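Spelled out from the first residue to the last, the chains are:
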Amino acid sequence: MKSILRFTSLRFASKYFAILKTQLLNTLIYPADLAARSVSILIFVWVFINLWSVTYRAMGQDQIGGMSLRETIWYLMLAEAIVLSKPRLAQNISAAVKDGSIAYLLNKPYNFLLYQISIGIGESITRLPFNLIAGGALVWMAMGPPPDLGAFPLVLIAIALGWIIDFLIAALIGLTAFMTEEIAAFEWIYAKFLLLLGGLLIPLDFFPAWLKQIAQALPFAYTIYGPARLFVHPSVEYFIALSVGQLFWLISLGIGVALWYRKGTAWLTINGG
Amino acid sequence: MMKKEITFLLHLWRANLIAAMEFRVAFLSQVIGMMLNNALYFLFWIIFFDRFQNVRGWGLNEMFILFGIVAVGYGAGVFLFGNVMQLADVIATGKLDYYLSLPRPVLLHVLASRSLSSGLGDFTYGILSLLVAGVASPDAIARIILGAIFSMIVFLAFMTLINSLGFWMGNATMLAFQAGNAMLTFALYPITLFDGTGKFILFTIIPAAFMGAVPAELIRAFDWFTLAQLFFAALVLLALALFVFRRGLRRYESGSAIQIQS
């Protein structure tokens, strides 16, 4: 019985791994497109270098919120790389609902949401190195070398878990299209939560204590702030605490998405065909 | 001739508005959603200036004015001429055929054929931001109108210019996306953050200073030199955009995609 279970769960996992791999290869076919997309990170990083250099100088301090200027810029570069590497999953789901193609996707021998998440991870994995190289090169030239890279494998694990949290929230937003059809406004607002409470524009350490506490209790901080902070201040203790928090949000959001999905598919009406 | 074109433009805008009103909930969700989106973004500056007070002469009030004028200029631009964000795609996919087959000014017709509802949200938010900054006197309103018109022209001209490169490149969609992204990002940051090369770029290659910082300066304190600077920059960019689009149009070819607009 046990071996049958192991066999079916392995087949289950290998199916989604194959989808992930296909998407990864699909994206890699267009390296010029990947490189062109990396221009965005150069723009943002350049603005951040100017903004925070002037701010640190104006404050006359070496450290703000326990972070030096160099650490802040490396933090912001990684935060941008995490966000710019992920696809707009909510939009893909909503598009499938709006144009009716979901009717063809739902009866395929895979779970629609796991399919979308596998595609999302496949795409993100290919985009991340390009963004890291472009952004990292600029920061290195302007600010000096990155913090200790020994813990980078742990950072990659934290980034991957953070992406899955983000995809689950994006799925919640995308599935809202079952009821509202138009989800652009929800997507914008979520993006702004990431920008602010996720620590994309400013490290949460620069917030007033009360706001930092609130932001750290929300899932947004586990997608960006957590991995980026681990990158500049690596420690096993922080990695463990971060992973526990990420797993908590993965499970909670996973349950939420499953329930929302069941309700949404019951609601679904397709016109024509 | 001019009157005929203005009437045509008014008819296009009316048709866009009627089309948007067909989906009233979606329209309102985009307008209100964008206002909320901008408000959430601006929280960053509130937190930033609460902690750091003043950065090279810029405080929260200056940011309200800058954000306000960029939002008004950009919002009006994409609400009235929404296709400016998709012009490269229109060129690449041969959709210009439809516009070329009609006896109307091609560029004007393409740009005004689409309206982004979210632009109205940006526009309204921008006005609110300027009101919060305390610029509400009659002469300040005149300066806001002037600044917003120039900000809009600079944005539209720059985007038309970049998108028109698609006539030579084949597909300039990604370039246009990145250029638009850069223009908006830089326009929303205080100009005093940038020195030397940075400032040079923002006044020339990516003229974001003429979309944000210079109109904001005009609103803060009227000065003939600032107005002349803005006027000259808008005029040059507009002339350049029209020139490049017209030259590009001569090179345009497609596999005949004339079809009825749905």
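Coordinates for the structure precede this section.
Residues numbered from 1 in each chain as written. Chains lettered and ligands numbered in written order. Predicted model: local features only at pLDDT ≥ 70, side-chain atom pairs only at ≥ 80, totals over all residues. Heavy atoms only, no water.

**Brief notes about the overall build of chain B**
Assigned secondary structure in chain B consists of 13 helices and zero strands. Walking chain B from its N terminus toward its C terminus, one meets helices and strands in the order α-α-α-α-α-α-α-α-α-α-α-α-α. The globule rule puts the C-alpha radius of gyration for 262 residues at 18 Å, and the 19 Å found for chain B is close to it. Counting over 262 residues, chain B shows a buried share of 53%. By sequence separation, contacts in chain B at least 24 residues apart represent 77% of the contacts at least 6 residues apart. Of the roughly 12,200 Å² of accessible surface on chain B, 68% is carried by carbon and sulfur atoms. Considering chain B, the positive charge centre built from 16 side chains and the negative charge centre built from 12 side chains are found 8 Å apart. (Helix = DSSP H or I, 4+ residues; strand = E, 2+ residues; numbered from the N terminus. Rg over C-alpha atoms; globule rule 2.2 N^0.38 Å. Buried < 20%, exposed > 50% of the residue type's maximum accessible area, 1.4 Å probe, protein only. Contact = heavy atoms within 4.5 Å. Areas by Shrake-Rupley, 256 points an atom, 1.4 Å probe, with all protein chains shown as cover. Lys, Arg positive; Asp, Glu negative; His and termini not counted. Charge placed at Lys NZ, Arg CZ, Asp CG, Glu CD.)

**Some thoughts on the nonpolar core**
Where a protein is soluble and globular, its nonpolar side chains tend to be buried together. Counting residues in each nonpolar core, the largest one holds 182 residues, and the members touching the most others are W52 of chain A together with W45, F48, L96, F155, F186 and Y189 of chain B. Excluding its chain neighbours within four sequence positions, the residues that come into contact with Y189 of chain B are V47, F48, L51 and L201 of chain A together with Y41, W45, L66 and F194 of chain B. (Core = buried A, V, L, I, M, F, W, Y, C linked by side-chain atoms within 4.5 Å.)

**Thoughts on the layout of surface pockets**
Residue and element names in this part refer to chain B. When its volume is computed, the second largest pocket comes out at roughly 680 Å³. For the second largest pocket, the lining is made up of 21 residues, of which L107, L108, L111, L238 and L242 are closest to its centre. Among the secondary structure elements, those contributing two or more residues to the lining of the second largest pocket are α1 (2-22), α6 (106-112), α8 (138-164) and α13 (224-251). Among the elements that take part in the lining of the second largest pocket, α13 stands out by supplying six residues, more than any other. Of the residues assigned to the lining of the second largest pocket, the class counts are 18 nonpolar, one polar and two charged. (1 Å grid on protein atoms, 1.4 Å probe; cavity = no way out; pocket = protein on both sides within 12 Å on 5 of 7 lines; lining within 4 Å. Points joined across faces, edges and corners; volume = space filled by probe spheres on them. Nonpolar A, V, L, I, M, F, W, Y, C, P; charged D, E, K, R; others polar.)

**Observations regarding empty space enclosed by the protein**
Residue and element names in this part refer to chain A. Inspection of the entire model under this criterion finds one cavity of 30 Å³ or more. Considering the residues around the largest cavity, the lining is formed by I82, V83, K86, G162, W163, D166, L194, T223 and I224. Put simply, the parts of the chain that give the lining of the largest cavity at least two residues each are α4 (69-85) and α8 (152-175). It is α8 that contributes the most residues to the lining of the largest cavity, three residues altogether. For the lining of the largest cavity, a count of residues per class yields five nonpolar, two polar and two charged.

**Thoughts on the environment of L120 of chain B**
Residues and elements named next belong to chain B. Within the secondary structure, L120 is located in helix α7 (residues 118-132). When its relative accessible area of 26% is taken as the criterion, L120 is described as partly exposed. In sequence terms L120 and Y189 are 69 residues apart; their C-alpha atoms lie 22 Å from each other.

**Quick look at a nonpolar patch on the surface**
Taken together, the side chains of F123, I127, L128 and L131 of chain B define a hydrophobic patch exposed on the protein surface, amounting to about 320 Å² of accessible area. Structurally, F123 of chain B is set in helix α7. (Patch = residues over 30% accessible without salt bridge, like charges linked within 9 Å, V, L, I, M, F, W, Y side chains within 5 Å. Salt bridge = Lys/Arg side-chain N within 4 Å of Asp/Glu carboxyl O.)

**Some points on the packing of α8 of chain B against α13 of chain B**
Residues and elements named next belong to chain B. Running from N to C, α8 and α13 cross one another at 30°; their axes reach a closest spacing of 8 Å. Overall, the two elements α8 and α13 adopt an arrangement that is roughly parallel. Helix-helix and strand crossings are classified by hand; for α8 and α13 the assignment is left-handed. Contacts between α8 and α13 involve L146, F150, I153, V154, A157, F158, T160, L161 and S164 from the first element and L227, L230, F231, A234, L237, L238, L240, A241, V244 and F245 from the second. Residues belonging to the contact of α8 with α13 are distributed by class as follows: 17 nonpolar, two polar and no charged. (Axes fitted to C-alpha atoms, helices over the stretch in contact; angles between N-to-C directions. Parallel < 35°, antiparallel > 145°, perpendicular 65-115°, else oblique. Left-handed = near helix turned anticlockwise from the far one by under 90°.)

**Things to note about helix α5 (residues 89-98) of chain A**
Residues and elements named next belong to chain A. Taken together, the buried positions of α5 are occupied by L89, A90, I93, S94, A96 and V97. Angularly, the buried residues of α5 cover 155° about the axis, an arc narrow enough to put them on a single face. Those residues of α5 that are buried are in contact with α6 (102-106), α7 (112-143), α8, α9 (177-180) and α10 (184-196). (Arc of directions from axis to C-beta.)

**Some points on the pattern of salt bridges**
Side chains that carry opposite charge are capable of pairing whenever their charged atoms lie near each other. All names here are of chain A. Counted under the stated rule, the structure contains eight salt bridges over all chains. The residue D205 makes a salt bridge to K212 at a minimum N-O spacing of 3.4 Å. The exposure class of K212 is partly exposed, given its relative accessible area of 23%. Here the salt bridges do not stand alone but share partners, grouping D205, K212 and R229 into one network.

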